[in-house]
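Coordinate inspection notes
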Amino acid sequence: MNQNSALTPFGLLGKTLGHSYSPQIHNALGNPHYVLYERAPQELTEFLAQPELKGLNVTIPYKKDVMSACQTLSDAAKHIGAVNTMVRQTDGSWYGHNTDYDGFIYMLEWAGINIKDQKVIVLGNGATAHTIHVALIDLGAREIIHLSRKTEPFYSEAATFGADADVLINATPVGTYPNCPEALISLDDFPQLKGVADVIYNPYRTALLIDAERRNIPYTDGLPMLIGQAVAAAKLFMQKDFEPEATETIIRQMRHQQENIVLIGMPGVGKTTVGTALAKQLQRPFIDCDDEFEKRYCHPGEYIATHGEPAFREKETALLAKLCKTTGAIIATGGGVVTQSVNYPILRQNGRIYWIRRPLENLAVDGRPLSQGGLSRLKSLYAVRQPLYDAFSQCAFDIVNPNDGAQHIEEEYHAHFNS
Ligand SMILES: Nc1ncnc2c1ncn2[C@@H]1O[C@H](COP(=O)(O)OP(=O)(O)O)[C@@H](O)[C@H]1O
Ligand SMILES: O=C(O)C1=C[C@@H](OP(=O)(O)O)[C@@H](O)[C@H](O)C1
Ligand SMILES: [Mg+2]
């Protein structure tokens, strides 16, 4: 190492870190001196002995290993048996705490999910589930049941334990990018739920959360937990308090950056045209699902004419599942995506869905086999699809001209994240 290059005082310690939001979050909290530290197990002791290090977050697989390097431990860290935050004390020793605990409690508060005297079902029995368990006891849960794959009770027993459960928490990685959408269970087995929380933050909405959203059950994804734990760590690192708005602003900003704009609507209504304009305005990537289909197979119209619509729908869903894992993009779909209910969680997981409308008389029909047969054919297609577009979308816009339409959608999108 260069003699003059000082070690950055704050960071995240782990074995293989890949992409992490932590530097971005700490930066937003006013700490530009936060980096990723990937270290092998045999390097840990020497690494932690460096006096330039002032504060660390710790991730798998080291949350237990670093405990022996901490002279003092918080009660939460002791009860949980894991440390995710280390703070250098004035005497040079390390203090170990667990801000995942704080982040979890923050997430529930943020979502308005009450735990006191409630029956809580936790999916999973691993390290995260254990941290959550300790927090749930401290919050006064009446009963906590962990469903798991390896030890009883199993996920298959959800109906037995879920009948009178108040809160459901997913503490497993099932449904995390890139294996999304995927859920361990259906909420059919939990008829009394008052809240659902998922520790996963990529995708933004797991299949479990989309299920909760559909049933109007209050829910939260794991981003408030991630940011809540970072803020709790930053308080210790920087020895300062943060206004509650600071945390809320970061949550909102990250969502704003990441949420896709998804366009649905009748064939020929202008999804591709409006999507192109939106991508340009917002300087975000544009994905046209029909174009992507054509790159891999052939023009969608030609595919339907040759192989039939069911074969097209199957290929289209598989392709959508790949394309819609992305974040921060503008996505124009093919007009028929709403005919397959399985497409809803795919589009919704990272997206706000806009239904764009124009009078049927004005729709483009060229190269669109399902739109052939004149206005009466379009009317019957619309009769079937209109309730589906309505159910799939969070917003609807009547578009007179594509640029104005893009402008209105952009305004709604920004307002949604700034309210
Ligand atoms: N609001 C609009 N007013 C008039 N013509 C439009 C409008 N939106 C799109 N068009 C035109 O309609 C045709 C089909 O638009 P396109 O974006 O390909 O629709 P979609 O992707 O929904 O099938 C294009 O020729 C486009 O220029
Ligand atoms: O409405 C439909 O079922 C279809 C619409 C087309 O996309 P556009 O909506 O872009 O025309 C294309 O996906 C395919 O021909 C099927
Ligand atoms: Mg199109």
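Given the structure is predicted, the values throughout are model-derived calculations rather than measurements. (Residues numbered from 1 in each chain as written. Chains lettered and ligands numbered in written order. Predicted model: local features only at pLDDT ≥ 70, side-chain atom pairs only at ≥ 80, totals over all residues. Heavy atoms only, no water.)

Another aspect to go through is the packing of aromatic side chains. Applying the stated criterion across every chain yields a total of twelve aromatic pairs. Ring geometry for F293 and Y297: centres 4.8 Å apart, planes at 45°, overall tilted. The partly exposed category is assigned to Y297, whose relative accessible area is 39%. Summarising the aromatic geometry, the rings of Y297 and Y303 are spaced 6.0 Å apart at their centres and angled 65° between planes, so their arrangement reads as edge-to-face. You can call Y303 buried: its relative accessible area is 9%. An aromatic cluster of three or more residues is present, and its members are F293, Y297, Y303 and F312. Between the NZ or CZ atom of R88 and the centre of the ring of W94, over which it lies, the distance is 4.0 Å. R357 extends its terminal NZ or CZ atom over the ring of W355, reaching a point 4.7 Å from the ring centre. (Phe/Tyr/Trp six-rings, centres within 6.5 Å; stacked < 30°, edge-to-face > 60°. Buried < 20%, exposed > 50% of the residue type's maximum accessible area, 1.4 Å probe, protein only. Lys NZ or Arg CZ within 6 Å of the ring centre and 35° of its normal.)

Judged by pairing direction, the sheet is parallel, and its five strands sit side by side in the order β8-β7-β9-β10-β11 without closing on themselves. Every interior strand has two partners, whereas the edge strands, β8 (143-147) and β11 (219-220), have only one. Two elements, strand β10 (residues 195-198) and β11, share two bridges in a ladder whose sense is parallel. Residue pairing for β11: A197 is matched across the bridge by T220. Along the sheet, helix α5 (residues 127-138) contacts β7 (119-123), β8 and β9 (167-170); its crossing angle with β8, the most-contacted strand, is approximately 170°. (Pairing = 2+ DSSP bridges. Helix = DSSP H or I, 4+ residues; strand = E, 2+ residues; numbered from the N terminus. Contact = heavy atoms within 4.5 Å. Axes fitted to C-alpha atoms, helices over the stretch in contact; angles between N-to-C directions.)

Okay, the packing of helix α9 (residues 244-258) against helix α16 (residues 402-418) next. Two measures define how a pair of helices packs: the angle their axes make with one another and the distance between the axes. Two elements in contact, α9 and α16, have axes whose closest approach is 9 Å; the angle formed by their N-to-C orientations is 155°. Judged by the inter-axis angle, α9 sits roughly antiparallel to α16. Handedness of the α9/α16 crossing: right-handed. Contacts between α9 and α16 pair R252, R255 and H256 from the former with Y413, H414, F417 and N418 from the latter. Considering only residue class, the contact of α9 with α16 consists of two nonpolar, three polar and two charged. (Parallel < 35°, antiparallel > 145°, perpendicular 65-115°, else oblique. Left-handed = near helix turned anticlockwise from the far one by under 90°. Nonpolar A, V, L, I, M, F, W, Y, C, P; charged D, E, K, R; others polar.)

This next bit is on the nonpolar core. Judged by nonpolar contacts, the single largest core of 50 residues is most densely connected at I261, I264, L278, L347 and I409. The next biggest cluster of nonpolar side chains, apart from the first, holds 25 residues, and it includes A76, I132, A197 and M225. (Core = buried A, V, L, I, M, F, W, Y, C linked by side-chain atoms within 4.5 Å.)

Moving on, we come to the UniProt feature "binding site: Mg(2+)" (unreviewed entry) in the chain. Those residues carrying the UniProt feature "binding site: Mg(2+)" (unreviewed entry) are T272 in this numbering. Mapped onto the elements, T272 comes out in helix α10 (residues 271-282). The residues contacting T272, other than those within four sequence positions of it, are F286, D288 and A332. (UniProt positions renumbered as here; feature names shortened; annotations may be inferred.)

On to the site of ligand 1, then. Around ligand 1, 15 residues are found, and the nearest of them are G268, K271, T272, T273 and R368. Interatomic distance of 3.3 Å between a backbone N/O atom of V269 and an oxygen atom of ligand 1. Here an oxygen atom of ligand 1 sits 2.4 Å away from a polar atom, N or O, in the side chain of T273. Contact with the protein chains removes 70% of the 560 Å² of surface that ligand 1 exposes when unbound. The element that contributes the greatest number of residues to the shell around ligand 1 is α10, accounting for three residues. Grouping the amino acids of the shell around ligand 1 by side-chain chemistry returns seven nonpolar, five polar and three charged. (Near = heavy atom within 4 Å. Polar contact = N/O pair within 3.5 Å; in protein donor to acceptor, adjacent residues only side chain to side chain. Areas by Shrake-Rupley, 256 points an atom, 1.4 Å probe, with all protein chains shown as cover.)

The next point concerns the sheet that holds strand β13 (residues 286-288). Strands sit in the order β13-β14-β12-β15-β16 across an open sheet of five strands; the sheet is parallel. Edge positions in the sheet fall to β13 and β16 (395-398), since each has one partner strand and no second. Across the sheet, the mean angle separating the axes of adjacent strands is 25° when strand polarity is ignored. Sheet topology places strand β12 (residues 260-264) next to strand β15 (residues 351-357); five bridges connect them, and they run parallel. Residue pairing for β15: N260 is matched across the bridge by G351.

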